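# Reading the structure
Now for the letters of each chain:
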Amino acid sequence: MPLPKISEARELSDEKLSEEIVAIKRQLFQLRLQKATRQLEKPHQFRQMRHRLAQLLTLETERKRAASQSAKEEK
């Protein structure tokens, strides 16, 4: 299964972006629990979830920086 594309994440609204970040953090927690109890069947999901989380956090940071720069320019 290929890694998710960042172009898909760029289409999300700010609210959806935040919701997706929380959902992926929950999934990573569940994966860690499964790994600790030796119930994990698909270890490749760790890499995919971490990759997706990094993409979403990067987008969130980019949007916050853009908003703060536009606020500074208005002053």
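Just so it is clear, the model here is predicted, and its values are computed rather than measured.

Further remarks concern the overall build of the chain. Helix and strand counts for the chain come out as three helices and zero strands. Secondary structure elements of the chain occur, N-terminal to C-terminal, as α-α-α. A compact globule built from 75 residues would reach a C-alpha radius of gyration of about 11 Å, whereas the chain, at 16 Å, exceeds it by more than 25%. Viewed in the frame of its principal axes, the chain has a C-alpha envelope of about 55 × 20 × 15 Å. Counting all 75 residues of the chain, 19% fall into the buried class. Summarising the internal contacts of the chain: among those between residues at least 6 apart in sequence, 77% fall at separations of at least 24. Accessible area for the chain stands at about 6,100 Å²; split by element, carbon and sulfur atoms hold 51% of it. With 17 positive and 11 negative side-chain charges, the chain shows a separation of 10 Å between the mean positions of the two kinds.

What sets the pattern is the α-helix's 3.6 residues per turn: residues three or four places apart point alike. The first and last C-alpha atoms of helix 2 (residues 14-36) sit 33 Å apart over 23 residues, in line with the 33 Å expected at 1.5 Å per residue. Three or more residues of helix 2 are buried, namely Leu17, Ile21, Ile24, Leu28 and Leu31. Structurally, helix 2 contributes buried residues whose contacts are with helix 3 (44-74). Once helix 2 ends, the next one or two residues include Arg38, with phi positive near 60°.

The rules behind each value
Residues numbered from 1 in each chain as written. Predicted model: local features only at pLDDT ≥ 70, side-chain atom pairs only at ≥ 80, totals over all residues. Heavy atoms only, no water. Helix = DSSP H or I, 4+ residues; strand = E, 2+ residues; numbered from the N terminus. Rg over C-alpha atoms; globule rule 2.2 N^0.38 Å. Buried < 20%, exposed > 50% of the residue type's maximum accessible area, 1.4 Å probe, protein only. Contact = heavy atoms within 4.5 Å. Areas by Shrake-Rupley, 256 points an atom, 1.4 Å probe, with all protein chains shown as cover. Lys, Arg positive; Asp, Glu negative; His and termini not counted. Charge placed at Lys NZ, Arg CZ, Asp CG, Glu CD. Expected span 1.5 Å × (residues − 1).

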